[in-house]
Amino acid sequence: GWVRSVRSQKDVLFLHVNDGTSLESLQIVAEPRLKNSAISFGSSVEICGTLVKSLSKKQNVELKAEAIHVIGECDSKDFPFKIKEHHPPEYIRQFPHLRCRTNAFGSLLRIRSEATAAIHHFFKSNGYVHIHTPIITSNDCEGAGELFQVQASNREDTQEDDGGFFGVPAFLTVSGQLHLEIMAG
């Protein structure tokens with residue numbers, strides 16, 4: 001998970017870590033010897049230990065850490081999100097690779113996941129088949145001629161030199177309707 005806060009005291013080290021599966025962070029209680037200078041707000045960590053009932057009324061359980069491994073360091077000064085600072089959605093959207101770490105976007109992603117699963121379950125239990133239509137195609141589905149061409153990279157190890165895939169020009173499809181109409185039959 002990602003470190004949300006670090007509090008080091010003389011006899012104990014407290015971390016709050018969140019992996020994105022809920023709004024709640026897990027409190028980590030560790031001996032000060034496990035403190036590492038790379039542990040800071042925003043760093044990603046792997047923690048091994050024992051899950052125990054918490055003595056605090058603020059949480060039901062806490063993790064008594066036996067080992068803390070920093071997977072990814074984070075310079076808190078350069079990290080775009082700051083502790084205890086509210087960031088508006090417009091600001092957060094500038095960092096698509098980090099937005100899932102925020103409570104608001106993390107919650108939205110979990111809600112979307114549940115809604116999508118419920119919709120899929122409903123249709124599947126009523127005999128429907130989920131069809132994935134192509135995203136990249138060589139067909140001009142609507143005949144509009146306004147397709148966006150997809151080209152292979154210009155790296156030296158690529159065999160494509162015609163701008164397409166497998167020797168055929170490729171485009172982002174403008175409609176899945178053609179494929180769905182065929183499958184509906």
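As a reminder, the structure under discussion sits directly above these lines.
Residues numbered from 1 in each chain as written. Predicted model: local features only at pLDDT ≥ 70, side-chain atom pairs only at ≥ 80, totals over all residues. Heavy atoms only, no water.

**Student:** Give a detailed account of the nonpolar core, specifying residues and quantitative values.
**Tutor:** Counting residues in hydrophobic clusters, the biggest one holds 15 residues, and the most contacted among them are Leu15, Ile28, Val45, Ile47, Ala65 and Ile68. Elements that contribute at least two residues to this core include exactly β2 (13-18), β3 (26-30), β4 (44-53) and β5 (61-72). Those residues in contact with Ala65 that lie beyond four places of it in its chain are Ile28, Val29, Ala30, Leu34, Ile47, Cys48 and Gly49. Ranked by size, the runner-up nonpolar core spans eight residues in total, among them Phe81, Ile92, Phe95 and Leu98. (Core = buried A, V, L, I, M, F, W, Y, C linked by side-chain atoms within 4.5 Å. Buried < 20%, exposed > 50% of the residue type's maximum accessible area, 1.4 Å probe, protein only. Helix = DSSP H or I, 4+ residues; strand = E, 2+ residues; numbered from the N terminus. Contact = heavy atoms within 4.5 Å.)

**Student:** An account of the environment of His86 is requested, with residue identities and associated values reported.
**Tutor:** Structurally, His86 is set in the loop between β5 and α1 (89-92). A relative accessible area of 71% places His86 in the exposed class. For His86 and Thr102, which are 16 residues apart along the polypeptide, the C-alpha to C-alpha distance reads 10.0 Å.

**Student:** Got a sec to walk through the pattern of salt bridges? Specific residues and values, please.
**Tutor:** Counting across every chain of the model gives two salt bridges. Across the pair Glu31 and Arg33 runs a salt bridge whose closest N-O atoms are separated by 2.8 Å. The salt bridge involving Lys64 is made with Glu62; its shortest N-O contact spans 3.8 Å. On the accessibility criterion, Lys64 (38% relative accessible area) is partly exposed. (Salt bridge = Lys/Arg side-chain N within 4 Å of Asp/Glu carboxyl O.)

**Student:** Mind laying out the side chain of Glu62, listing which residues take part and the relevant values?
**Tutor:** For Glu62, the location among the structural elements is in strand β5. For Glu62, a relative accessible area of 6% corresponds to the buried category. A distance of 3.2 Å separates a polar atom in the side chain of Glu62 from a polar atom in the side chain of Ser54. Apart from the residues lying within four places of it in its own chain, the contact partners of Glu62 are Leu26, Gln27, Val29, Thr50, Leu51, Val52 and Ser54. (Polar contact = N/O pair within 3.5 Å; in protein donor to acceptor, adjacent residues only side chain to side chain.)

**Student:** Can you break down the sheet that holds strand β7 (residues 148-150) residue by residue, with the values?
**Tutor:** In sheet architecture, strand pairing relies on hydrogen bonds along the backbone and comes in two forms, parallel and antiparallel. One open sheet accounts for three strands, arranged β6-β8-β7; its pairing is antiparallel. Of all strands in the sheet, those with a lone pairing partner are β6 (136-137) and β7, marking the two edges. Direction of pairing for β6 relative to strand β8 (residues 170-172): antiparallel, over a ladder of two bridges. Bridging from a neighbouring strand, Thr137 pairs with Phe171 of β8. (Pairing = 2+ DSSP bridges.)

**Student:** Residue-level account of a nonpolar patch on the surface, with values.
**Tutor:** On the surface, Ile119, Phe122, Phe123 and Tyr128 cluster together into a nonpolar patch covering about 440 Å² of accessible area. Along the polypeptide, Ile119 turns up in helix α2 (residues 103-125). (Patch = residues over 30% accessible without salt bridge, like charges linked within 9 Å, V, L, I, M, F, W, Y side chains within 5 Å. Areas by Shrake-Rupley, 256 points an atom, 1.4 Å probe, with all protein chains shown as cover.)

**Student:** Describe in detail the pairing of β2, supporting the description with residues and values.
**Tutor:** When you tally the buried positions in β2, you get six out of six residues, the bulk of the element. Taking every second residue as pointing to the same face, both faces of β2 are buried, with Leu13, Leu15 and Val17 on one and Phe14, His16 and Asn18 on the other. Between strand β1 (residues 2-8) and the antiparallel strand that follows it, β2, lie four residues. Across five bridges, β2 lies against β3 in antiparallel orientation. The residue of β3 that forms the bridge with Leu13 is Ala30.

**Student:** So what's going on with the packing of aromatic side chains? Residues and values would help.
**Tutor:** Per the stated rule, a full pass over the model turns up seven aromatic pairs. Judged by centre distance (6.3 Å) and plane angle (70 degrees), the rings of Phe81 and Tyr91 are edge-to-face. Placement of Phe81 in the loop between β5 and α1 and of Tyr91 in helix α1 is noted, with a sequence separation of ten residues between them. A relative accessible area of 5% places Phe81 in the buried class. Look at Tyr91 and you get partly exposed, because its relative accessible area is 26%. For the pair Phe81 and Phe95, a centre-to-centre distance of 5.8 Å together with 85 degrees between the ring planes defines the contact as edge-to-face. Placement of Phe81 in the loop between β5 and α1 and of Phe95 in the loop between α1 and α2 is noted, with a sequence separation of 14 residues between them. Phe95 matches Phe81 in its accessibility class, with the two residues each being buried. (Phe/Tyr/Trp six-rings, centres within 6.5 Å; stacked < 30°, edge-to-face > 60°.)

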